[in-house]
Amino acid sequence: MKKILVTGSLGQIGVELINYLRDLYGENSVFATDVSDKELAKIKSDGPFEILDVRDGKAFDHIVSSFRPDTIFHLAGILSANAEKLPQKAWDINMNGLFNALEIARNYETSLFFPSSIAAFGPGSPSDNTPQDCMQRPSTIYGISKVAGELLCDYYHSKYELDTRGVRFPGLISHEALPGGGTTDYAVHIYYDALTKKKYTSFIASATYMDMMYMPDALNAMVKLMEADPSRLVHRNCFNITAMSFSPDDVAKEIQKYIPDFVLDYDVDPVRQSIAESWPNSIDPSCAVEEWGFSPAYDLEAMTIDMLEKVALKTKVQEEA
Ligand code: NAD
Ligand code: AKB
């Protein structure tokens, strides 16, 4: 990769990806875009940024025709819980945005990264160690858009030889930007509330297991996949990746090792709980390991130590400001 364009770059993944890519490839080699600039301060200010609604194919084309990236990271999208509130809008952004990204990638011969999700599995998929290739009948509009996205990326690769690549991300945990309306968001909020209130009320029930990953491993995986030897990629657009599987109860126990008086209670949200129950307990990332060397560094213990340290620093700075 030499010149990279990122859509949806001011979200939970984007703000960290932009800074990570600008450190690796140079500030002016990474073009950030998003539908609004409200989180702009979170990315390195020296590189290019423009407002872009990915549904606006003309504006999208205009930016790509003048910047001429060799790779597009297409992050713009609506996550699972927000998508259930506005299914029509979520479908419009998730599908028409991806369609525009694919058409533009085809016209300008760029590689394209598409982030699918564990949401691409459904109640009929095996729940434990869910295989790379198995039945996918998701019951959420978000999951349906992710399966359709995986297939569309496969189609552009086989029909037009477009270099499409992607992963099925698990819930991502990070401390730079807050998550954007998903089902796994509790696993970020719990660290903030543990530090500021010593108490967290979870909207996900105590014994519900979902796959998760710490953001540094997600950033490393995205770059590793896009830099991988294409001849080794059999699956391309939908690699299962995960670093850990845990329940709210497990995170609380881990946090209590450092904040012994931390209390977790529950006020379960039926919508997000039913989404969580339709997703796997744990997925099998072995194809990503074999085909491009996926190797996460953080487990629950290492992530908790780092999250508590970074969030403590952040909340202290905010208190002092
Ligand atoms: P997020 O909600 O934090 O950020 C998404 C960004 O897209 C936001 O900055 C938003 O302003 C922007 N956006 C929304 N509508 C847009 C539009 N019409 N045009 C341009 N930009 C628009 O999401 P995220 O967590 O950063 O996720 C990015 C991608 O990764 C999404 O496709 C998501 O489905 C996928 N993903 C995320 C996770 C996770 O845990 N964060 C897990 C699996 C997959
Ligand atoms: C969500 O909960 O919607 C996301 C995801 C796992 O896709 N974090």
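Just so you know, these numbers come straight off a predicted model, no measurement behind them.

Undergrad: Got a minute to help me understand the overall build of the protein in this structure?
TA: When helices and strands are counted, the protein shows 11 helices and 12 strands. Since a compact globule built from 321 residues should have a radius of gyration of about 20 Å, the 19 Å found for the protein is in line with a globular shape. Burial analysis of the protein (321 residues in total) assigns 54% to the buried set. Long-range pairs, those at least 24 residues apart, make up 78% of the contacts in the protein between residues at least 6 apart in sequence. Of the roughly 13500 Å² that the protein leaves accessible, carbon and sulfur atoms contribute 51%. Counting 29 positive and 46 negative side-chain charges, the protein places the centres of these two groups 3 Å from one another.

Undergrad: Got a minute to help me understand the site of ligand 2 in this structure?
TA: Taken together, the residues surrounding ligand 2 are Leu79, Ser80, Ser117, Ile118, Tyr142, Pro170, Gly171, Gly182, Thr183, Thr184 and Trp279. Contacts to ligand 2 include Tyr142, whose side-chain N or O atom sits 2.7 Å from an oxygen atom. For ligand 2, whose accessible area on its own is 260 Å², the fraction buried by protein is 94%. Residue composition of the shell around ligand 2, grouped by class: five nonpolar, six polar and no charged. Taken domain by domain, the shell around ligand 2 gets at least three of its residues from each of domain 1 (4-169 + 214-240) and domain 2 (173-211 + 243-281 + 298-320).

Undergrad: Could you clarify how one ought to interpret the pattern of salt bridges in this entry?
TA: Between side chains of opposite charge, a pair can form when the charged atoms approach closely. For the coordinates displayed, the defined rule picks out 14 salt bridges. We note a salt bridge from Arg55 to Asp53, for which the minimum N-O separation is 2.9 Å. Look at Asp53 and you get partly exposed, because its relative accessible area is 25%. For the salt bridge of Arg55 with Asp92, the shortest nitrogen-to-oxygen distance reads 3.1 Å. Taken together, the positions of Arg55 in the loop between β3 (49-51) and α2 (57-67) and Asp92 in helix α4 (residues 87-108) put the pair 37 residues apart, joining distant regions of the chain. Exposure remark for Arg55: the relative accessible area of 31% places this residue in the partly exposed category.

Undergrad: Explain the sheet that holds strand β4 (residues 71-74) to me, please; I cannot follow it from the model alone.
TA: For sheets, the rule is that strands pair by backbone hydrogen bonds, running either parallel or antiparallel. Spatially, seven strands are ordered β3-β2-β1-β4-β5-β6-β10 in an open sheet, and the strand pairing comes out parallel. Across the chains shown, the open sheet's two edge strands, defined by having one partner strand only, are β3 and β10 (239-240). With two bridges connecting them, strand β6 (residues 164-169) and β10 associate as parallel partners. In the sheet register, Val167 faces β10, and the bridge partner there is Phe239. Lying over the sheet, helix α1 (residues 12-25) contacts β1 (4-7), β2 (30-34), β4 and β6, oriented at roughly 165 degrees with respect to β2. Most of the contacts of α2 go to β1, to which it runs at about 160 degrees, and overall it touches β1, β2, β3 and β4.

Undergrad: Help me understand the packing of helix α6 (residues 186-196) against helix α11 (residues 300-320) in this model?
TA: Each pair of packed helices can be described by the angle between their axes along with the distance between the axes. Interaxial distance between α6 and α11 falls to 9 Å at its minimum, and their mutual angle equals 55 degrees. When the interaxial angle is binned, α6 and α11 end up oblique. The chirality of how α6 crosses α11 is right-handed. Contact with α6, carried on its side by Tyr191, Tyr192, Leu195 and Thr196, involves Leu300, Met303, Thr304, Met307, Leu308, Val311, Ala312, Lys314 and Thr315 of α11 and no other residues of that element. Partitioning the contact of α6 with α11 into residue classes produces nine nonpolar, three polar and one charged.

Undergrad: Any chance you could explain the site of ligand 1 here in plain terms?
TA: Around ligand 1, 26 residues are found, and the nearest of them are Gln12, Ile13, Asp34, Tyr142 and Leu172. Within the contact set of ligand 1, a nitrogen atom lies 3.0 Å away from a backbone nitrogen or oxygen of Val54. Contact distances for ligand 1 include 3.5 Å between an oxygen atom and a backbone N or O atom of Leu75. For ligand 1, the protein covers 92% of the area, taking 820 Å² as the surface of the free molecule.

Undergrad: Please explain the pairing of strand β9 (residues 210-214) as it appears in this structure.
TA: The two faces of the sheet receive side chains in turn, since in a regular strand these alternate between them. Among the five residues that make up β9, five are buried, leaving the element largely enclosed by the rest of the structure. Going residue by residue along β9, you find Met210, Met212 and Tyr214 tucked away on one face and Asp211 and Met213 tucked away on the opposite face as well. Examined bridge by bridge, strand β7 (residues 171-173) and β9 share three bridges and lie parallel to one another. Counterpart to Leu172 in the pairing with β9 is Met213. Sheet analysis places β9 next to strand β11 (residues 244-246), joined by three bridges and oriented antiparallel. Across the sheet, the residue bridging to Met212 is Met244, located in β11.

Undergrad: I tried to follow the environment of Asn82 on my own but got confused; where do I start?
TA: Looking at the secondary structure, you find Asn82 in helix α3 (residues 80-85). Of the residues examined, Asn82 reaches a relative accessible area of 27% and is grouped as partly exposed. Along the sequence, Asn82 and Pro270 sit 188 residues apart, while their C-alpha atoms lie 14 Å from each other. Discounting residues that sit within four places of it in the chain, Asn82 has contacts with Gly180 and Gly181.

Undergrad: Help me understand the sheet that holds β7, please; the structure alone is not making it clear to me.
TA: If you trace the three strands from one edge of the open sheet to the other, you get β7-β9-β11, paired in mixed fashion. Where the open sheet ends on each side, the last strands, each with one partner, are β7 and β11. Looking at each pair of strands side by side, their axes are set apart by 45 degrees on average, direction ignored. Here α6 sits on the sheet and contacts β7, β9 and β11; the angle it forms with β7, its principal contact strand, is near 25 degrees.

Here is what the cut-offs are and how they apply
- Residues numbered from 1 in each chain as written.
- Chains lettered and ligands numbered in written order.
- Predicted model: local features only at pLDDT ≥ 70, side-chain atom pairs only at ≥ 80, totals over all residues.
- Heavy atoms only, no water.
- Helix = DSSP H or I, 4+ residues; strand = E, 2+ residues; numbered from the N terminus.
- Rg over C-alpha atoms; globule rule 2.2 N^0.38 Å.
- Buried < 20%, exposed > 50% of the residue type's maximum accessible area, 1.4 Å probe, protein only.
- Contact = heavy atoms within 4.5 Å.
- Areas by Shrake-Rupley, 256 points an atom, 1.4 Å probe, with all protein chains shown as cover.
- Lys, Arg positive; Asp, Glu negative; His and termini not counted.
- Charge placed at Lys NZ, Arg CZ, Asp CG, Glu CD.
- Near = heavy atom within 4 Å.
- Polar contact = N/O pair within 3.5 Å; in protein donor to acceptor, adjacent residues only side chain to side chain.
- Nonpolar A, V, L, I, M, F, W, Y, C, P; charged D, E, K, R; others polar.
- Domains from an automatic or database assignment.
- Salt bridge = Lys/Arg side-chain N within 4 Å of Asp/Glu carboxyl O.
- Pairing = 2+ DSSP bridges.
- Axes fitted to C-alpha atoms, helices over the stretch in contact; angles between N-to-C directions.
- Parallel < 35°, antiparallel > 145°, perpendicular 65-115°, else oblique.
- Left-handed = near helix turned anticlockwise from the far one by under 90°.

Function cannot be inferred from these measures alone, as they are strictly geometric.
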